[in-house]
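If you want the building blocks of each chain, they are given just below.
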Amino acid sequence: MGYALISKGDMMQTKIELFQELSQDENDRLYNISSLKEYKKGNIIFYEGEQPKKLKLLLDGIVKVYKSDSKGNEVIMHFFQPQTLIAETAHMQKINYPATAICETDCKLLEIDYVLFEKDFLRNPDISFKIIQSLSKKVKALQNVIKTNLTMNTFSRICKFIYENENHIDELSHRKIAAILNITPETLSRNLSTLKKDEIIVVNNRKIEILDKDRLSLLLT
């Protein structure tokens, strides 16, 4: 599984919403037990059955988590987008990874030594409370996203996905985008045709490029 380790300077400049309640000293302690890594599209982050060692927080990109059935077929469990912890329950329940995680695009992950994280952070009531506060904000934000997606029509959801994933949209096939959005490829194609007709996007060799981001942003609601 190939990855590139990012420099300390880049890591310190990376905004991590989950830990925004931590003090500078606590952030420094977190840095000392963490590494920031870049994975290429198609890289495996972890395999089903592998013992977890690093708590993984997705900062950029899209990650697919899947299982393989008895016939070797892929069963997709979930697609993760930033900023999301991936399979943290495997650490907390002290079990092996129940599924495999693979990068659908180039990705950036913060990988934290979980043993030290549990010792230095989760067992410290003051720091643990701050993390709980951050997690609560994350849950609230997630609830807002779910609520928005439930009330948004398909066209708006597609526009929102393209707008928020501009840096990775050219790495995803139309079939993959449809799977992430839980719609059919035909539905995606019809809506992309509307956006092309209005000259908001262009599609070359099945790769989507935004032509007018301002107009696209007006279609997100």
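Scroll up to find the structure.
Along each chain, residues carry numbers from 1 onward, in the same order as the chain's sequence is written. Side-chain atom pairs in this predicted model are given and counted only at pLDDT of 80 or more, local residue features only at pLDDT of at least 70, and totals for whole chains, interfaces and linings cover all residues. Note that water and hydrogens are dropped before the side-chain values are worked out from all heavy atoms of the structure.

Participant: What exactly am I supposed to notice about unusual backbone geometry here?
Facilitator: Generally, phi is negative for residues other than glycine and the peptide bonds are trans, each holding for most cases. The amide bond that connects Pro-82 to the next residue, Gln-83, takes the cis arrangement and shows omega of -20°. Examined against the element boundaries, Gln-83 turns out to sit in the loop between β6 (74-80) and β7 (84-86). The backbone phi angle of Lys-94 is positive, close to 55°, even though this residue is not glycine. As for its position among the elements, Lys-94 is in the loop between α3 (88-92) and β8 (100-103). The backbone phi angle of Glu-199 is positive, close to 60°, even though this residue is not glycine. Only DSSP runs of H or I covering at least 4 residues are called helices, and only runs of E covering at least 2 are called strands; the numbering of each starts at the N terminus. Mapped onto the elements, Glu-199 comes out in the loop between α8 (185-197) and β10 (201-204).

Participant: What should I look at first to understand the packing of aromatic side chains in this one?
Facilitator: For any pair of aromatic rings, geometry is given as the distance between the ring centres together with the angle between the planes. Paired rings are identified among Phe, Tyr and Trp, the last through its six-membered ring, by centres lying within 6.5 Å, and are further divided according to the angle between planes into stacked (under 30 degrees), edge-to-face (over 60) and tilted (the rest). In this structure the tally under the stated criterion is three aromatic pairs. Centre to centre, the rings of Phe-46 and Tyr-97 are 3.7 Å apart; their planes meet at 10°, and the pair counts as stacked. Residue Phe-46 is found in strand β3 (residues 44-46), and its partner Tyr-97 is found in the loop between α3 and β8; the two are separated by 51 residues along the sequence. The pair Phe-46 / Tyr-97 is uniform in exposure class, with both members buried. One aromatic cluster is present, built from ring pairs that chain together Tyr-114, Phe-117 and Phe-121. Between the NZ or CZ atom of Lys-213 and the centre of the ring of Tyr-163, over which it lies, the distance is 5.0 Å. We call a residue buried when its accessible area falls under 20% of the maximum for its residue type, exposed when it is over 50%, and partly exposed in between, using a 1.4 Å probe and counting protein chains only. Whether a charge sits over a ring depends on NZ of Lys or CZ of Arg being within 6 Å of the ring centre and within 35 degrees of the ring normal.

Participant: Could you clarify how one ought to interpret the pattern of salt bridges in this entry?
Facilitator: When the charged atoms of two side chains with opposite charge come close together, those side chains can pair. In the sections that follow, a salt bridge refers to a side-chain nitrogen of Lys or Arg positioned within 4 Å of a carboxyl oxygen of Asp or Glu. Considering all chains together, one arrives at eight salt bridges under this definition. One salt bridge connects Lys-64 with Glu-104, and the closest N-O pair in it is separated by 3.5 Å. On the criterion of sequence distance, the pair formed by Lys-64 in strand β5 (residues 63-68) and Glu-104 in the loop between β8 and β9 (107-113) is long-range, its members being 40 residues apart. For Glu-104, a relative accessible area of 8% translates into the label buried. Two residues, Glu-166 and Lys-213, come together in a salt bridge whose shortest N-O distance is 2.8 Å. With Glu-166 in the loop between α6 (154-164) and α7 (174-181) and Lys-213 in helix α9 (residues 213-217), this pair connects stretches of sequence that are 47 residues apart.

Participant: Before we go on, may I ask you to explain the packing of α6 against α7 in this structure?
Facilitator: How two helices sit against one another is set out by the angle between their axes and by the gap between those axes. Their axes nearest at 11 Å, the elements α6 and α7 cross at an angle of 115°. In terms of crossing hand, the pair formed by α6 and α7 is right-handed. Together, Arg-157, Ile-158 and Phe-161 of α6 and Ile-177, Ile-180 and Leu-181 of α7 make up the contact between the two elements. Angles shown run from 0 to 180 degrees and are taken between the N-to-C directions of axes, each axis being a line fitted to C-alpha atoms and, for helices, limited to the stretch in contact. It is the rotation of the near helix from the far one that decides the hand of a crossing: anticlockwise by less than a right angle makes it left-handed, clockwise makes it right-handed. Whether two residues are in contact is decided by their heavy atoms: any pair within 4.5 Å suffices.

Participant: Please explain the state of the cysteines as it appears in this structure.
Facilitator: Two cysteines joined by a covalent bond between their sulfur atoms form a disulfide. Two cysteine sulfurs form what is called a disulfide whenever their separation falls within 2.5 Å. Going through the model one piece at a time under the given rule, you end up with zero disulfides. Unpaired in this structure, Cys-107 has its nearest cysteine sulfur neighbour in Cys-103, at a distance of 3.5 Å. Residue classification places Cys-107 among the buried residues on the basis of a relative accessible area of 4%.

Participant: Is there a simple way to think about the pairing of strand β4 (residues 54-60) in this case?
Facilitator: The side chains of a regular strand alternate between the sheet's two faces. Judged by how many residues are buried, β4 sits mostly within the fold: five of seven residues are covered. In this scheme, strands are said to pair when DSSP sees at least two bridges between them. Across six bridges, the pairing between β4 and β9 is antiparallel. Directly across from Asp-60, in β9, lies its bridge partner Lys-108.

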